[in-house]
Amino acid sequence: MDNTILHSKIFGENLSSTPLLVFHGLFGMLDNWGSFGKDMGELLPVHLIDLRNHGRSFHSDSMTHDDLANDIAHYMEHYGIQKAHVLGHSLGGKAVMQFAIKYPEKVEKLIVVDISPKAYPPHHQGVIKALESVDFNTVNSRSEVEAVLNQYIPEKSTIQFLAKNLYWDNNKKLNWRFNLKTLSEKYNEFVSNAIKFGVFEGPTLFISGEKSNYILPQDEFAIKQQFPKAKIVIVKNAAHWVQADNPVGFSQVVKQFLDLD
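The text that follows walks through the structure, step by step, so that each part is easy to find. (Residues numbered from 1 in each chain as written. Predicted model: local features only at pLDDT ≥ 70, side-chain atom pairs only at ≥ 80, totals over all residues. Heavy atoms only, no water.)

**Description of the nonpolar core**
- With 64 residues, the main nonpolar core has L21, F27 and W176 as its most contacted residues.
- Not counting chain neighbours up to four residues away, the residues in contact with L21 comprise H47, I49, I72, Y75, M76, I81, A84, H85, V86 and L87.
- Core analysis: the second largest hydrophobic core is formed by 23 residues, L30, F36, A238 and V242 among them. (Core = buried A, V, L, I, M, F, W, Y, C linked by side-chain atoms within 4.5 Å. Buried < 20%, exposed > 50% of the residue type's maximum accessible area, 1.4 Å probe, protein only. Contact = heavy atoms within 4.5 Å.)

**Things to note about the packing of aromatic side chains**
- If you walk through the whole model with that rule in mind, you get 12 aromatic pairs.
- For the ring pair F99 and Y103, a centre distance of 5.4 Å and an interplane angle of 35 degrees mean the geometry is tilted. The pair F99 / Y103 is uniform in exposure class, with both members buried.
- Here the aromatic rings of F161 and W241 are separated by 4.6 Å at their centres, their planes lie at 45 degrees, and the arrangement is tilted. (Phe/Tyr/Trp six-rings, centres within 6.5 Å; stacked < 30°, edge-to-face > 60°.)

**Comments concerning the pairing of strand β2 (residues 20–23)**
- Burial along β2 is two-sided: the residues L20 and V22 and L21 and F23 are all buried.
- In this structure, β2 lies alongside strand β3 (residues 46–49), joined through 4 bridges in parallel fashion. Among the inter-strand pairings, V22 is bridged to a residue of β3, identified as L48.
- In the sheet, β2 pairs with strand β4 (residues 84–89) via 4 bridges, with the strands oriented parallel. The partner of L21 across the bridge, within β4, is V86. (Helix = DSSP H or I, 4+ residues; strand = E, 2+ residues; numbered from the N terminus. Pairing = 2+ DSSP bridges.)

**With respect to the pairing of β3**
- A two-sided burial pattern is seen for β3, the buried positions comprising V46 and L48 on one face and H47 and I49 on the other.
- In the classification by handedness, the crossover that spans β2, the intervening helix α1 (residues 34–40) and the parallel β3 is right-handed. (Right-handed = clockwise from strand over helix to strand, strands pointing away.)

**Overview of the packing of helix α2 (residues 65–78) against helix α3 (residues 91–102)**
- With their axes 8 Å apart at the nearest point, α2 and α3 run at an angle of 70 degrees to one another. Classified by the interaxial angle, the pair formed by α2 and α3 is roughly perpendicular. Every residue of α3 that contacts α2 at H65, D66, L68, A69, N70, I72, A73 and M76 is listed here: L91, K94, A95, V96, Q98, F99 and K102.
- Across the contact of α2 with α3, the residue classes tally to 9 nonpolar, 3 polar and 3 charged. (Axes fitted to C-alpha atoms, helices over the stretch in contact; angles between N-to-C directions. Parallel < 35°, antiparallel > 145°, perpendicular 65-115°, else oblique. Nonpolar A, V, L, I, M, F, W, Y, C, P; charged D, E, K, R; others polar.)

**Section: the sheet that holds strand β9 (residues 230–235)**
- If you trace the 7 strands from one edge of the open sheet to the other, you get β1-β3-β2-β4-β5-β8-β9, paired in mixed fashion. In the strand order of this sheet, the two ends are held by β1 (8–11) and β9, each with one partner. Mean inter-strand twist for the sheet, computed between neighbouring axes without regard to direction, equals 15 degrees.
- Note that strand β8 (residues 204–209) and β9 share 6 bridges and pair parallel. Within the sheet, the bridge partner assigned to I207 lies in β9 and is V233.
- Most of the contacts of α2 go to β2, to which it runs at about 145 degrees, and overall it touches β1, β2, β3 and β4.
- Across the sheet, helix α11 (residues 247–257) is in contact with β4, β5 (107–113), β8 and β9; its angle to β8 comes to roughly 170 degrees.

**With respect to the environment of S90**
- You can see S90 is positioned in the loop between β4 and α3.
- Exposure remark for S90: the relative accessible area of 10% places this residue in the buried category.
- In this structure, the C-alpha to C-alpha distance between S90 and S143, residues 53 residues apart in sequence, is 28 Å.
- Residues within four places of S90 in sequence aside, it is in contact with G25, V113, I115, Y214 and H240.

**Remarks on α2**
- The first and last C-alpha atoms of α2 sit 20 Å apart over 14 residues, in line with the 20 Å expected at 1.5 Å per residue.
- Where burial is concerned, most of α2 is hidden: 10 out of the 14 residues are buried.
- Residues of α2 that are buried: H65, D66, D67, L68, A69, D71, I72, A73, Y75 and M76.
- Those residues of α2 that are buried are in contact with β1, β2, β3, β4, α3 and α8 (187–190). (Expected span 1.5 Å × (residues − 1).)

The following block contains the structure:
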C-alpha cells in the first residue's frame, strides 16, 4: 500500500454517480463526519478522508496548502476518480479551495464550509498550548487527559472533540493521532496564510454558520474574486461546526446544491 495515500472511509461505493470527497478541519478526523457520510452515501459515493498529519493518514514535516491540494489529486489518481465534488470544513476548506484552483478539471462542484480564502490571525494558541501540556508519560486514562485540557479550554465540546484523537499506541501509551509537532510548528503556513491567488470558475457553495464569524459579510468580495460563481448560504442555529450543530439544515443545503433533493 502506498503510504502517501490519504486514509479514508468510503460509503456508497457501488453507486455510479460523481463521488463526493469530504475533508475535516484542524485537529479533526474523518470520524467527525460519520453520520453525514452514511446519510449521503445512500445517494452517491462518499469518501470521508483524513488530511495529512491527521487521523490515520501519514505524518509529514510539510503542511502547506499546496501539499494538501496535491494529496487530494494523488488520492483521486489512486482511486481512479476523474472528477469529484469536493467538500472541506475549515482547514479542509482551505485544502479544497487550493485544490479547485490548482486542478479545476478534477472538480465538478466545490463546497467550502465556514472558512474563506483569506489569511486568518492565529487563533488556536490556547488549544495548542493545552495539547502540548499533556504529558503522555504521566497520564493513564482519557479522563486524565481531559482534566489537563480542562485547565486551558473552557468549552466541554472542544475538549470532547480533541479527545476523539486519543488512541493507545504500540507501547500501550495514550497518544494523539494527529501530528502535533508539525501542526504547531507549521501553523502559520496553513492558517495565517491566504490560499494562493487563482480563479475557479465552476459551481461553488460557501456554507456559513449563523453564529460563526469565520465568513464575514465583507469577505464576499474576496470570495467572488476567486470563485466568481460562489453562492454563500447561512445555516441557522449553527456556529463553526456547522454539520454538527445543525446536521439536518446542513445536509439539506448540500443535497440541494448537488441536485440530490
